[in-house]
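Residues per chain are reported as follows:
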Amino acid sequence: MSAPNPNLPRKHFALVFAALLVTAAGNTALQSVLPVIGREIRIPDMAIAMIFSLSALFWTFSAPFWARQSDVRGRRKLMQLGVVAFGVSMLLCGGVILLGAHGLVAPMMTFVLFTLARTVFGLFGSATNPAAQAYVAARTSATERTAALAVLASAFGLGTILGPAIAPMFILPWVGLAGPMFVFALISLVVAVWLQTGLPDDKPTDGELEGRGAAASMPTIGGMPTGASAMAAEETMVSGRRDRMRLADPRIKPFMIFGFAAGSLQAATGQAIGFFIIDRAASEVGLHATQLISIAFMAGAGATLLAQWGIIRLLDLSPSQLMRWGTVIAAAGVLGIAFAPNFHAMVLAFALSSAGFGFARPGFTAGSSLAVERHEQGGVAGAVTAVNGACFILAPAVGIGLYELVPELPYWLGAAGLVALALYAWTNPLLRASSVEK
């Protein structure tokens, strides 16, 4: 991992990366142990999915607010807020699971308290992502931004390797399955202090805030201003202030549609994979289910990192190419999960689907960033973060519901949805035009 631009020193980029990494690793560690926790405490599978859904609902509505606040209060401060909120949430979650595992709290009360603890992350943890994206986007040129945001997005991929890898190490006798949550709460505190001491304060001055709200040059596609861009710029000049970027803004709407669809399909199929492994592979391989789930997540994360750290940078792929080919590759992997004859084939198919999503998601993020002006990066980052959160409101429950009907059903439908999304990426004019920026 290297700094994408002299305006963004390597040390500063590493700090921003770490802020996303700790939340990604902690959340994936939680996702890898939660199916086992649910089965041991006797919490229904659907209730486990609902925990993430409610947290994602709060995340979706709070992310645009924190994105606007990052423009006013500084991106460093908002990254710190999100990391601290994540740590507090994990500490509370670990305490609830500890009580439930020892029978001190009834299963449904454990579910209620755990859901409330995750709400802390949904409300305040969403501050990290838009602030981090806006911080990097504002310090990179248009030609560098796709690669820079792809590297930043790989924090999630690296986190999904580290989280499941170290989670089993902290399942200790005196804390049990709650151990990983306590550990990540401590790590988040260290990262918050690191941000405070290592990242410069970027709170804008009053003069800078005034300038950011002034007239902006019109966004272009292929060097020519579009009608939608001209209207958006005119509205900014008239208002003289920075409004929340609407998801229906014509410049980014196709990217938001693509991002929501891709993220929802990944959330639905990913949420079901843990239960799929427990029911299909645990007895076959003879290992503890937590180990098998961790292996699958680590393989998927490794494939994501290969795509984002290696292939994207090597081939210099544009946002449109990432979205097109990413959905095709993900479709092949998701379909492979449904027909996997054994655990090893299941892991390979999951890795292939993860690589596909590893292309598609940065493509949507970079494409939407390139579609707007530099002074609007906070707004578009908030929109992207809100969409990413919205993917987890209903999709996990849908994935589990389909799984309970027919275990392969989420993957059959997921593959069909990804093929349809690939056609959308190939035919939509704005998604195709995002390659012009390369």
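On a predicted model such as this, the values are computed, not experimentally measured, just so you know.

Caption draft 1: Main features of the overall build of the chain. Per the secondary structure count, the chain includes 17 helices and two strands. For the chain, the residues scored as buried account for 57% of the 438 residues in total. Entry remark: accessible area of the chain is about 17,100 Å², with carbon and sulfur atoms responsible for 69%.

Caption draft 2: Highlighting the packing of aromatic side chains. Within the structure shown, the criterion is met by eight aromatic pairs. Ring geometry for Phe-65 versus Trp-66: centroids 4.9 Å apart, planes at 65 degrees, classification edge-to-face. Among the residues examined, Trp-66 registers a relative accessible area of 13% and is labelled buried. Taken together, a centroid distance of 6.0 Å and an interplanar angle of 65 degrees make the contact between Phe-276 and Tyr-403 edge-to-face.

Caption draft 3: Structural context of a nonpolar patch on the surface. The grouping of Leu-335, Phe-339, Leu-405, Val-406 and Trp-412 at the surface amounts to a nonpolar patch, some 510 Å² of accessible area in total. Residue classification places Trp-412 among the partly exposed positions, given a relative accessible area of 38%.

Caption draft 4: Representation of unusual backbone geometry in the model. A positive phi angle, close to 70 degrees, is found at Arg-42, a residue other than glycine. Relative to the assigned elements, Arg-42 resides in the loop between helix 1 (10–41) and helix 2 (45–73). For Arg-42, a relative accessible area of 64% gives the class exposed.

Caption draft 5: Region of interest: helix 1. The terminal C-alpha atoms of helix 1, which comprises 32 residues, lie 45 Å apart, in line with the 46 Å expected from a rise of 1.5 Å per residue. Taken as a whole, helix 1 carries its principal kink of about 35 degrees at Val-33; the proline Pro-35 stands between one and four residues after it. In terms of burial, helix 1 is a largely internal element, 26 of the 32 residues being buried. Arg-42 lies just past helix 1 and shows a positive phi near 70 degrees.

Caption draft 6: How the structure looks around the environment of Leu-306. Relative to the elements of secondary structure, Leu-306 occurs in helix 12 (residues 289–315). On the basis of relative accessible area, Leu-306 is assigned to the exposed category, the value being 53%. In this structure the C-alpha to C-alpha distance between Leu-306 and Ser-154, which are 152 residues apart in sequence, comes to 9.3 Å.

Caption draft 7: Local environment of the packing of helix 3 (residues 75–101) against helix 4 (residues 107–124). Where helix 3 meets helix 4, the closest approach of the two axes is 8 Å, and the angle between their N-to-C directions is 175 degrees. Judged by the inter-axis angle, helix 3 sits roughly antiparallel to helix 4. Across from Leu-81, Gly-82, Ala-85, Phe-86, Val-88, Ser-89, Leu-92, Cys-93, Val-96, Ile-97 and Gly-100 in helix 3, the residues of helix 4 making contact are Thr-110, Leu-113, Phe-114, Ala-117, Arg-118, Val-120, Phe-121 and Phe-124. Residues that form the contact of helix 3 with helix 4 fall into these classes: 14 nonpolar, four polar and one charged.

Caption draft 8: Focus on the pattern of salt bridges. In this structure the tally under the stated criterion is one salt bridge. Between Asp-249 and Arg-251 there is a salt bridge whose closest N-O contact spans 2.9 Å. Across the pair, Arg-251 and Asp-249 agree in class, each one buried.

Caption draft 9: Spotlight on the environment of Val-372. As for its placement among the helices and strands, Val-372 is situated in the loop between helix 14 (343–370) and helix 15 (377–405). C-alpha separation for the pair Val-372 and Ile-252, spaced 120 residues apart in sequence, amounts to 7.9 Å.

Caption draft 10: Spotlight on the environment of Val-112. If you trace the backbone, Val-112 turns up in helix 4. For Val-112 and Ala-47, which are 65 residues apart along the polypeptide, the C-alpha to C-alpha distance reads 9.6 Å.

Caption draft 11: Up close: the side chain of Thr-304. Here Thr-304 is to be found in helix 12. On the basis of relative accessible area, Thr-304 is assigned to the buried category, the value being 10%. One polar contact links the side chain of Thr-304 to the main-chain carbonyl oxygen of Ser-354, over a distance of 3.3 Å.

Caption draft 12: Spatial organisation of the side chain of Ser-89. Within the fold, Ser-89 resides in helix 3. A distance of 2.8 Å separates the side chain of Ser-89 from the backbone oxygen of Ala-117, its partner in a polar contact.

Caption draft 13: Main features of the confidence of the model for the chain. Across the chain, pLDDT averages 80, with 85% of residues at or above 70. In this model residues 206–243 is a low-confidence stretch, pLDDT under 50, and it forms 48 contacts with partners more than four residues away in sequence or in other chains.

Caption draft 14: The packing of helix 1 against helix 3, seen in detail. One can describe the packing of helix 1 onto helix 3 by two numbers: an axis separation of 11 Å at closest approach and a directional angle of 15 degrees. Looking at the two axes, helix 1 sits roughly parallel to helix 3. Taken as a pair, helix 1 and helix 3 cross one another with a handedness that is left-handed. When helix 1 is examined against helix 3, the residues Val-16, Ala-19, Val-22, Thr-23, Gly-26, Asn-27, Leu-30, Ile-37 and Ile-41 are found in contact with a partner set consisting of Met-79, Val-83, Phe-86, Met-90, Ile-97, Gly-100 and Ala-101.

What counts and what doesn't
- Residues numbered from 1 in each chain as written.
- Predicted model: local features only at pLDDT ≥ 70, side-chain atom pairs only at ≥ 80, totals over all residues.
- Heavy atoms only, no water.
- Helix = DSSP H or I, 4+ residues; strand = E, 2+ residues; numbered from the N terminus.
- Buried < 20%, exposed > 50% of the residue type's maximum accessible area, 1.4 Å probe, protein only.
- Areas by Shrake-Rupley, 256 points an atom, 1.4 Å probe, with all protein chains shown as cover.
- Phe/Tyr/Trp six-rings, centres within 6.5 Å; stacked < 30°, edge-to-face > 60°.
- Patch = residues over 30% accessible without salt bridge, like charges linked within 9 Å, V, L, I, M, F, W, Y side chains within 5 Å.
- Salt bridge = Lys/Arg side-chain N within 4 Å of Asp/Glu carboxyl O.
- Expected span 1.5 Å × (residues − 1).
- Bend = angle between axes of the 7 residues up to and from the residue.
- Axes fitted to C-alpha atoms, helices over the stretch in contact; angles between N-to-C directions.
- Parallel < 35°, antiparallel > 145°, perpendicular 65-115°, else oblique.
- Contact = heavy atoms within 4.5 Å.
- Nonpolar A, V, L, I, M, F, W, Y, C, P; charged D, E, K, R; others polar.
- Polar contact = N/O pair within 3.5 Å; in protein donor to acceptor, adjacent residues only side chain to side chain.
- pLDDT = per-residue confidence, 0-100.
- Left-handed = near helix turned anticlockwise from the far one by under 90°.

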